[in-house]
Every structure is written in C-alpha cells, then in structure tokens.
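# Reading the structure
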Amino acid sequence: MVTCRKFGFMLGFVIALMTTPRGALDVTAAANVRDKSAFQGRLGATIVPGGVQFAVHAAPGGAAQLLLFNDPAQATPAQVIDLHHEYHRTDSYWHITVDNVGHGQIYAWRIGPKNGLDPATPAAPVLLDPYGVAIAGSDTYRRDAARDGNDNVAESLRSVVVDLDRYDWQGDKPLPQPDGREFIYELHVGAYTASESSGLAQELRGTYAGLAQRVDHLVQLGVTTVELMPVHAFDTQDAPAGRVNYWGYSSLSFFAPHPGFAATKDATAVLDEFRDMVRALHAAGLRVILDVVYNHTAEAGPDGPTLSWRGFDESAYYMQDKDFGRYRDFTGCGNTFNANHPVAQRLILDSLRHWVNDLHVDGFRFDLAAAMARDEDGDPLSRPPVLWAIDTEPNLAGTRLVAEAWDTGGLHLVGDFPGNRFASWNGPYRDAARRFLKGDA
C-alpha cells in the first residue's frame with residue numbers, strides 16, 4: 001500500500017523540584033550537570049541512578065537546548081537548559097544528565113545555529129526526540145506551527161520519559177513462528193472495534209484496549225497472526241485541509257505507539273495499554289506483526305514542518321540531491337528516509353529491537369521496503385547495509401520479516417529482495433487475484 005501520506009566540573013546550577021499529579025516533575029530552575037565521562041552511550045532518555053540522561057545525535061556546528069515541561073499542554077517550558085560543547089558534547093552527540101527527574105518527565109529539544117539559541121527570540125523549532133518512546137501534546141499540537149522558522153513551542157509535540165522496566169509482562173514473550181499455514185489478518189486498530197456492533201463501551205472503541213477485548217473474533221476466524229496497520233505515532237494532520245490522516249503512513253516517531261489509539265490519556269500509560277493488548281493476543285495464541293514505515297516521515301518535503309529528524313541532521317536522515325537542494329522522493333510523500341546512512345541505519349535497528357525487546361511484537365511488514373535498498377544518492381544497492389543488518393540481527397532472529405518489495409520510483413524487487421529471511425508481498429499475484437475477483441475481462 002502506498003498512502004500519503006552531557007568533566008568532572010559542576011556548574012553553579014540549582015534545581016528545585018515538586019511532584020505533580022501527572023507524574024512529571026515541577027522543574028523551576030536549571031539542572032545539575034553530571035561528569036561528561038558518565039555518558040552511557042544510549043540515545044533518547046535513559047533513567048540512571050538519581051535522574052535521567054538525555055542524548056541525541058545532531059549535525060556538527062550547532063547549539064542545543066533541552067526543554068523541560070510540567071504539563072503536556074504547557075505553552076512555555078518550565079526550564080530551558082543550554083548545553084555547552086565542552087561538557088555536553090561528545091563527537092556528534094549532545095548529552096546531559098538531569099538530577100531528580102524521572103518517569104513521566106516531559107521534554108523536547110531545540111537545535112540551533114553555532115552562535116547559540118536566544119530564549120527570548122527562538123528561531124529553531126521544538127523537536128521530538130527521535131528515540132522518544134512516548135509523545136504528549138497532541139491536543140494543542142498544530143502542524144503548520146513548525147514551518148518557516150516560527151516559534152512553535154506552544155503548539156509543539158513533546159517527548160516523555162518512560163521507565164520501560166516498570167511493566168509486568170507476567171511471563172509473556174514473543175511467540176515462535178507457527179508451524180504450517182500462517183493466516184495473517186491485517187487490521188486497523190482505530191477501525192477494528194469502532195462500530196457499536198463491537199459490543200464495547202464508547203471509550204474503548206478504536207483503541208488498543210478495545211482490540212484486546214475482542215480477540216475472540218480473530219480466534220473464531222482461524223487467524224494465526226495479526227498485522228497491525230501503522231501504530232508508530234503518526235501525524236493525523238498530515239492531510240489535505242479539512243481532512244485527517246487516518247491510515248497512519250506519516251510517522252512522527254519510530255519508537256512511540258500512536259497515542260490516538262489509546263483509551264488512556266496518560267502518555268506513559270499508552271505503552272502499558274499497547275503491551276496489555278500484545279499480552280492478550282499472545283494469550284490467545286496470536287502473533288503480532290507491525291506494518292512499519294521506515295521509508296519516509298511526516299516531515300514531507302523541504303517546505304514541510306520541522307518536527308524531529310530534519311532539525312537534528314537533515315543530511316543524515318533524508319536522501320538529498322545536493323546539486324539542486326531538493327529531496328529525493330521515491331515514496332510519493334515528499335521525502336525518502338536515508339536508511340543506509342549509518343545514523344539512520346542505527347535508528348532503524350534500535351527501533352526494531354525496541355519493539356521486539358520492550359513491546360514483545362513478533363514481526364514487521366516493511367512499507368515500500370525497496371526504498372530501503374537505495375544508497376544516499378537514490379541508486380539501488382545489491383547488498384543494502386540496513387536490510388542485511390536487519391536480516392542478521394540476533395535480536396530479530398525469531399522475528400517475522402515481510403517486505404513490500406517495491407517503491408514509487410520504479411524499483412521492483414519481488415522475488416529478488418535482499419537478505420535471506422525476508423518474505424515479500426507479491427504484487428503481481430495480488431493484481432491477478434483482484435482482476436479475477438472483479439470479473440475483469
């Protein structure tokens with residue numbers, strides 16, 4: 001389907017904290033800075049003894065700010081922390097450990113020019129952490145606010161710190177691949193239980209929790225595997241005026257479950273609701289495959305909003321025609337993710353490991369996977385590094401891999417897809433079956 005879609009040096013800072021009902025922390029002054037050598041080498045927000053280490057990759061030569069919020073809809077940050085190259089930068093990574101914050105802390109980033117960021121006149125957009133595992137701020141978010149250098153903080157999305165070890169899996173693990181025939185049922189989480197006929201209370205319809213309660217229907221059909229259409233957090237506003245992006249092929253994050261499919265409004269609890277759903281499906285003997293979109297993002301073309309990846313390192317994350325300053329578009333959506341760049345490749349592998357290790361999914365169907373077989377100039381590769389890295393990744397050894405083995409640039413790899421473990425959607429067979437069912441001449 002194609003749908004468009006942080007040496008040992010202590011700064012004189014003080015931090016005062018108060019727990020709020022939401023579980024985030026009331027940050028009212030600047031944070032203590034940890035020893036640079038304590039960098040854990042993990043990207044995203046990592047809970048460490050006494051606080052949280054925040055780390056992101058960014059292109060060289062710029063400045064960075066970490067923004068901390070007390071509330072998902074807070075119009076201005078409770079605290080802005082300017083990072084210093086000497087204390088908070090190692091190679092291409094900005095990193096800082098903030099004491100006395102933890103699970104539930106809401107945060108975002110600004111990456112700006114080398115001469116620094118002026119809090120009074122911010123020109124750099126507020127950015128989601130590419131490794132953020134939860135998202136807040138959907139109720140006040142406005143996509144167009146992240147265009148043209150405007151200050152979008154009041155209408156920005158924010159990332160949320162989550163302690164992934166808090167959840168009790170009750171012994172659940174990803175399931176082995178079935179013996180014999182596999183019956184894969186593709187469904188849209190928002191649509192599966194949307195109807196009153198689902199028998200669910202209104203607040204559960206179209207949610208992860210609702211799907212968990214209607215596993216019985218799938219079992220009755222004889223399904224062995226459920227393939228969920230995109231559940232990576234996506235931009236519902238990436239659509240023509242007056243319309244809503246329904247299908248989800250417009251990723252905002254490769255790590256966070258889509259909050260709009262959750263009955264809960266607590267950003268950290270969205271992951272728990274998703275994991276409850278996975279447990280329920282596994283308990284019924286059903287495997288869970290995700291339809292994942294690593295070929296493009298919600299940032300669209302160069303005139304699109306700067307929401308995350310583009311603000312950190314445009315050339316690492318997107319294929320570009322450097323002679324003409326344009327994006328290469330093999331997806332029909334304005335951009336093509338630069339999947340074989342080392343930074344982007346690492347992001348994709350880390351994302352896949354996260355969904356398997358932390359959320360227990362059993363497989364992936366890769367949307368427009370042929371786009372991931374192109375180099376930075378868009379030329380096809382016979383042995384694309386990212387696809388072979390996925391194919392040989394030990395954490396994915398028991399994971400089902402399925403490729404939609406083409407893209408919109410004419411690269412068609414059905415029957416010749418790189419790697420040893422990828423199954424492929426068979427486009428010609430689909431088309432022949434469709435013509436037969438329609439009764440075409």
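A brief report on the enclosed structure follows. Within each chain, residue numbers correspond to sequence positions counted from 1 in written order. Reporting in this predicted model follows two pLDDT cut-offs: at least 70 for local features of residues, and 80 or more for side-chain atom pairs to be given and counted; totals over whole chains, interfaces and linings ignore these cut-offs and use all residues. Hydrogens and waters are ignored; side-chain quantities use all the structure's heavy atoms.

## Notes on the overall build of the protein chain
Segments assigned H or I by DSSP are reported as helices when at least four residues long, segments assigned E as strands when at least two residues long, and all are numbered from the N terminus. In terms of regular secondary structure, the protein chain is built from nine helices and 17 strands. Remark: exposure states derive from per-residue accessible area (1.4 Å probe, protein chains only) relative to the maximum for the residue type, with buried under 20%, exposed over 50%, and partly exposed in between. When the 441 residues of the protein chain are sorted by exposure, 56% land in the buried category. In this description, accessible areas are obtained by the Shrake-Rupley approach with a 1.4 Å probe, and a residue is regarded as covered only by the protein chains that are shown. By element, 50% of the accessible surface of the protein chain is carried by carbon and sulfur atoms, the whole surface being about 18300 Å².

## Considering the sheet that holds strand 6 (residues 93–99)
Across the sheet, four strands lie side by side as 1-2-6-5; this open sheet has antiparallel pairing. In this open sheet, the two edge strands, each paired with only one partner strand, are strand 1 (44–48) and strand 5 (89–90). By the bridge criterion, five bridges tie strand 1 to strand 2 (residues 51–57) in an arrangement that is antiparallel. Opposite Ala45, over in strand 2, you have Phe54 as the bridge partner. Two strands form a pair only when DSSP identifies at least two bridges running between them.

## As for the pattern of salt bridges
Side-chain pairing between opposite charges can occur once the charged atoms of the two side chains come close. Any Lys or Arg side-chain nitrogen located within 4 Å of an Asp or Glu carboxyl oxygen qualifies as a salt bridge. As enumerated under the stated definition, the model contains 20 salt bridges in all. Between Asp151 and Arg110 there is a salt bridge; the shortest N-O distance is 2.7 Å. Placement of the pair is Asp151 in the loop between strand 8 (135–136) and strand 9 (158–160) and Arg110 in strand 7 (residues 106–112), with a sequence separation of 41 residues. Arg110 gets classed as buried once you look at its relative accessible area, which sits at 4%.

## Some thoughts on the sheet that holds strand 3 (residues 63–69)
Spatial strand order, 4-3-7-9-8: five strands in an open sheet with antiparallel pairing. Two strands lie at the open edges of the sheet, namely strand 4 (79–82) and strand 8, each paired on one side alone. Two strands pair when backbone bridges link them, and strand 8 and strand 9 are joined in this way by two bridges, in the antiparallel orientation. The partner of Ala136 across the bridge, within strand 9, is Arg158.

## What about helix 9 (residues 427–438)?
Every α-helix carries 3.6 residues per turn, so stepping three or four residues along brings you back to the same face. In this model helix 9 runs 16 Å from its N-terminal to its C-terminal C-alpha over 12 residues, within 8% of the 16 Å that 1.5 Å per residue would give. Counting of polar contacts relies on pairs of N or O atoms within 3.5 Å, with two restrictions inside protein: one atom must be capable of donating a hydrogen and the other of accepting it, and residues adjacent in sequence are counted only when both atoms are side-chain atoms. Sitting at the head of helix 9, Asn426 places a side-chain oxygen 3.0 Å from the backbone nitrogen of Tyr429. The first or second residue beyond helix 9 is Gly439, which carries a positive phi of 75 degrees. Expected helix span is taken as 1.5 Å per residue step, with the number of steps being one fewer than the number of residues.

## Overview of the packing of aromatic side chains
Pairing of aromatic side chains here covers Phe, Tyr and the six-membered ring of Trp, requires ring centres within 6.5 Å, and sorts the geometry by plane angle: under 30 degrees stacked, over 60 edge-to-face, intermediate tilted. Using the criterion set out here, one finds 19 aromatic pairs in the structure. Summarising the aromatic geometry, the rings of Tyr208 and Phe274 are spaced 5.3 Å apart at their centres and angled 80 degrees between planes, so their arrangement reads as edge-to-face. Remark: Phe274 occurs in helix 5 (residues 269–283) and Tyr208 occurs in helix 3 (residues 208–213); sequence separation between them is 66 residues. Judged by relative accessible area, which is 0%, Tyr208 ranks as buried. Residue Phe274 is classed as buried on the basis of its relative accessible area, which comes to 0%. Here Phe274 and Trp355 contribute two aromatic rings whose centre-to-centre distance is 5.4 Å and whose plane-to-plane angle is 75 degrees, an arrangement assigned as edge-to-face.

## Brief notes about the packing of helix 6 (residues 309–317) against helix 7 (residues 342–357)
Here an axis means a line fitted to C-alpha atoms, over the contact stretch when the element is a helix, while the angle between two N-to-C directions is reported on a 0 to 180 degree scale. Packing of helix 6 against helix 7 brings their axes to within 8 Å, and their N-to-C directions diverge by 115 degrees. In this structure, helix 6 contributes Trp309, Ala316 and Tyr317 to the contact, and helix 7 contributes Val343, Ala344 and Leu347. For the contact of helix 6 with helix 7, the per-class residue count stands at six nonpolar, no polar and no charged. By the convention used here, residues are in contact when the closest approach between their heavy atoms is within 4.5 Å. Just so you know the grouping, Ala, Val, Leu, Ile, Met, Phe, Trp, Tyr, Cys and Pro go in nonpolar, Asp, Glu, Lys and Arg go in charged, and all remaining residues, Gly too, go in polar.

## Points about the environment of Arg287
When you line up the elements, Arg287 lands in strand 12 (residues 287–292). We classify Arg287 as buried; its relative accessible area is 1%. Among all residues touching Arg287, those that are not within four sequence positions of it are Leu175, Pro176, Gln177, Pro178, Glu182, Thr224, Thr225, Val226, His282, Asp362, Gly398 and Arg400. A distance of 3.2 Å separates a polar atom in the side chain of Arg287 from the backbone oxygen of Pro176.

## Notes on the pairing of strand 16 (residues 400–403)
Along strand 16, one buried face is formed by Arg400 and Val402 and the opposite face, lined by Leu401 and Ala403, is buried too. Sheet topology places strand 15 (residues 363–366) next to strand 16; four bridges connect them, and they run parallel. Each bridged residue has a counterpart across the sheet, and for Arg365 the counterpart in strand 16 is Val402. Looking at chain direction, strand 16 and strand 17 (residues 423–424) are connected through two bridges and run parallel. Residue pairing across strands places Val402 opposite Ala423, the latter belonging to strand 17.

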